[in-house]
Protein chains: 2
Amino acid sequence: MEIISASNERVKGWARLQKKKGRDQRGEFLIEGEHLIEEAMRGGHVKELLILKGRQNPFAMEAIVCSEEVMRKLSSSVSGAWLIAVCALKPSAPLPRRRVVLLDGVQDPGNVGTILRTACAFGYDQLILSQDCADVLNEKCIRSTQGALFHLNWQRQDLCGAIAQLQEEGFTVIATALRQSRPLREVSAGEKTALVFGSEGQGIRPQVLSLCDQRARIEMDHFESLNVAVAAGICLYRFREGS
Amino acid sequence: MEIISASNERVKGWARLQKKKGRDQRGEFLIEGEHLIEEAMRGGHVKELLILKGRQNPFAMEAIVCSEEVMRKLSSSVSGAWLIAVCALKPSAPLPRRRVVLLDGVQDPGNVGTILRTACAFGYDQLILSQDCADVLNEKCIRSTQGALFHLNWQRQDLCGAIAQLQEEGFTVIATALRQSRPLREVSAGEKTALVFGSEGQGIRPQVLSLCDQRARIEMDHFESLNVAVAAGICLYRFREGS
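Scoring rules and cut-offs
Residues numbered from 1 in each chain as written. Chains lettered and ligands numbered in written order. Predicted model: local features only at pLDDT ≥ 70, side-chain atom pairs only at ≥ 80, totals over all residues. Heavy atoms only, no water. Least-squares fit on C-alpha atoms with pLDDT ≥ 70 in both. Contact = heavy atoms within 4.5 Å. Helix = DSSP H or I, 4+ residues; strand = E, 2+ residues; numbered from the N terminus. Polar contact = N/O pair within 3.5 Å; in protein donor to acceptor, adjacent residues only side chain to side chain. Pairing = 2+ DSSP bridges. Axes fitted to C-alpha atoms, helices over the stretch in contact; angles between N-to-C directions. Salt bridge = Lys/Arg side-chain N within 4 Å of Asp/Glu carboxyl O. Buried < 20%, exposed > 50% of the residue type's maximum accessible area, 1.4 Å probe, protein only. Parallel < 35°, antiparallel > 145°, perpendicular 65-115°, else oblique. Left-handed = near helix turned anticlockwise from the far one by under 90°. Nonpolar A, V, L, I, M, F, W, Y, C, P; charged D, E, K, R; others polar. Phe/Tyr/Trp six-rings, centres within 6.5 Å; stacked < 30°, edge-to-face > 60°.

Caption draft 1: Spotlight on the relation of the copies chain B and chain A. At an RMSD of 0.0 Å, chain B and chain A line up after a rotation of 180 degrees and a shift of 0.0 Å along the axis. The symmetry that links the two subunits is that of a two-fold axis. The residues that chain B uses at the interface reappear at the interface of chain A in 100% of cases, marking a shared surface.

Caption draft 2: Just the side chain of R97(B), in detail. Residues and elements named next belong to chain B. Among the secondary structure elements, R97 is positioned in the loop between β5 (83-88) and β6 (99-104). A polar contact is formed between the side chain of R97 and the side chain of Q126, at a distance of 2.6 Å. At 2.8 Å, the side chain of R97 forms a polar contact with the side chain of E169. Sequence-distant contacts of R97, defined by excluding residues within four places in its chain, comprise D125, Q126, I128, Q165, L166, E169, F171 and K192.

Caption draft 3: Geometry of the sheet that holds strand β12 (residues 214-217) of chain A. All names here are of chain A. Taken in spatial order, the seven strands line up as β8-β7-β6-β11-β9-β12-β10 in an open sheet, and their pairing is parallel. On the outer flanks of this sheet lie β8 (153-156) and β10 (182-183), each paired with one strand and no other. Of the pairings in the sheet, the one linking strand β6 (residues 99-104) to strand β11 (residues 193-198) comprises six bridges and is parallel in character. In the sheet register, V100 faces β11, and the bridge partner there is A194. Taken strand by strand, helix α5 (residues 109-121) contacts β6, β7 (126-129) and β8, and its axis lies near 170 degrees from that of β6. Running at roughly 160 degrees to β6, helix α7 (residues 159-168) makes contact with β6, β7, β9 (172-176) and β11 of the sheet.

Caption draft 4: Spatial organisation of the pattern of salt bridges. Under the defined criterion, the tally for this structure stands at 36 salt bridges over all chains. The residue K53(A) makes a salt bridge to E2(A) at a minimum N-O spacing of 2.9 Å. With K53(A) in the loop between β3 (46-52) and β4 (64-66) and E2(A) in strand β1 (residues 2-3), this residue pair connects regions lying 51 residues apart in the sequence. Exposure remark for E2(A): the relative accessible area of 42% places this residue in the partly exposed category. The partner of R10(B) in a salt bridge is E48(B), with the nearest N and O atoms 2.7 Å apart. Linking R10(B) in helix α1 (residues 9-15) with E48(B) in strand β3 (residues 46-52), this pair joins segments that are 38 residues apart in sequence. Put simply, R23(A), D135(A) and R156(A) are held in one network by salt bridges that share partners.

Caption draft 5: Here's a closer look at the packing of α5(A) against helix α9 (residues 228-238) of chain A. Residue and element names in this part refer to chain A. Interhelical geometry of α5 versus α9 gives an angle of 15 degrees and a closest axis separation of 9 Å. In terms of their interaxial angle, α5 and α9 are classed as roughly parallel. Relative to α9, the crossing made by α5 is right-handed. Side by side, α5 and α9 meet where N111, T114, I115, T118 and A119 of the first sit next to V228, A229, A232, G233 and L236 of the second. Along the lines of polarity and charge, the residues of the contact of α5 with α9 split into six nonpolar, four polar and no charged.

Caption draft 6: Looking closely at the environment of S225(B). Summarising the element assignment, S225(B) is placed in the loop between β12 (214-217) and α9 (228-238). Expressed as a C-alpha distance, the spacing of S225(B) and L178(B), which sit 47 residues apart in the sequence, is 9.5 Å. Among the polar contacts made by the side chain of S225(B), one reaches the side chain of R117(A) at a distance of 2.7 Å.

Caption draft 7: Seen up close, unusual backbone geometry. All names here are of chain A. Positive phi, normally seen in glycine, also occurs at Q180, with a value near 45 degrees. With respect to the element layout, Q180 can be found in the loop between β9 and β10. With a relative accessible area of 72%, Q180 lands in the exposed category.

Caption draft 8: A look at the packing of aromatic side chains. Scanning the model with the defined rule gives four aromatic pairs over all chains in all. Considering the side-chain rings of F29(A) and F150(A), the 6.3 Å spacing of their centres and the 15 degrees angle between planes classify their relative orientation as stacked. Here F29(A), found in strand β2 (residues 28-32), pairs with F150(A), found in the loop between α6 (139-145) and β8; they are 121 residues apart in sequence, far enough to count as distant. Centre to centre, the rings of F122(B) and Y237(B) are 5.6 Å apart; their planes meet at 55 degrees, and the pair counts as tilted. Residue F122(B) is located in the loop between α5 (109-121) and β7 (126-129), and its partner Y237(B) is located in helix α9; the two are separated by 115 residues in the primary sequence. The exposure class of Y237(B) is buried, given its relative accessible area of 10%.

In structure tokens:
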């Protein structure tokens, strides 16, 4: 199959996936680049593969050959892409969970993606995002996950409800906070541990913070300010299972 | 003083600071935003303050009033800025050093800036960058430092020479590497410790790696891949003084 015109109806449909609204409506999203697509295939997410006319398909899956005009319209990069995959969200299976990360209003898609990548590297089971976090399926966020997106269970949920549910399951919920908190080295993980990180500017909202069981503070010397993805990296490493 | 035309000679000179070549030639750079400029003033870096006509100057320093056209030409943001500072590089004073970070070819200016910010937060004394690292005075890098740029001694240097010099001063030089390395928790800092991090794709170059005294590996469970700024955050926290 070949598509030449950028005003083709299917192309128009895919182009809607460049916005959050379109992704939410269709439960689909676009990704670019061989490495990312390979990870998505492994996770069983790829519905359609689009390839620039004249290029060799590196995958066993059949691809739709597209003109440069079509690829440019669908690519997030100004210079276009030669390989794009239309992916489907898969419903997350309920899972036994012992290590969970919660994000409260993290705004930067690069930070959300980097935290997801870190959680995956340290064997965390789930990432829960408040409704006002950056969209995980945002192109910049997907790129920052470096493919980890397809290997970690994630979902959007009201954090107050999520924390109550975790506590019912026996989780210790640890918040990171600068004030009224104990030094990180003095805080210990339980068998089931959940970590909460707040937004870049404001931190964790008071109503979420008040529900947490413990508050930990990363010990700093000067200039008390860390990027949220760096702070999360330090805490996720500290509280990973078996540490 | 007031400047209306974007083709004014001084404006043209400042505009050259948007490129690395211009910054290197003049030893000056541009920054935007009240918070960053405040930090730069505290560090004594600000030479000229430029303010959009009609806006109130929040600082005691006298400002040059500029037209919207001038501010737009000098701003890194499409929508322009209302406050810009021309800053001067200050020669780094030789300092007693006990904690040093070395970066080998880190490409992304956001990563370089975030690592600088983290090094500052954990009380490190110096950041040494190989010649092929992203420019610290790149606008994206400066933004990522969140002002820490003005509080940490940094310099570009050949890393092989820098490591030899550190070792002469009694430093233990620790490289992060996935292979032929010991788990991070088993590696201890000396009284004087230097940490080396490599580029996003390739890690540390073999000729640099071979000079290091120890190799540490961050223990991971799955998907062995961390963002370099996150990896640096974990190690910098682990080896900070007094930890």
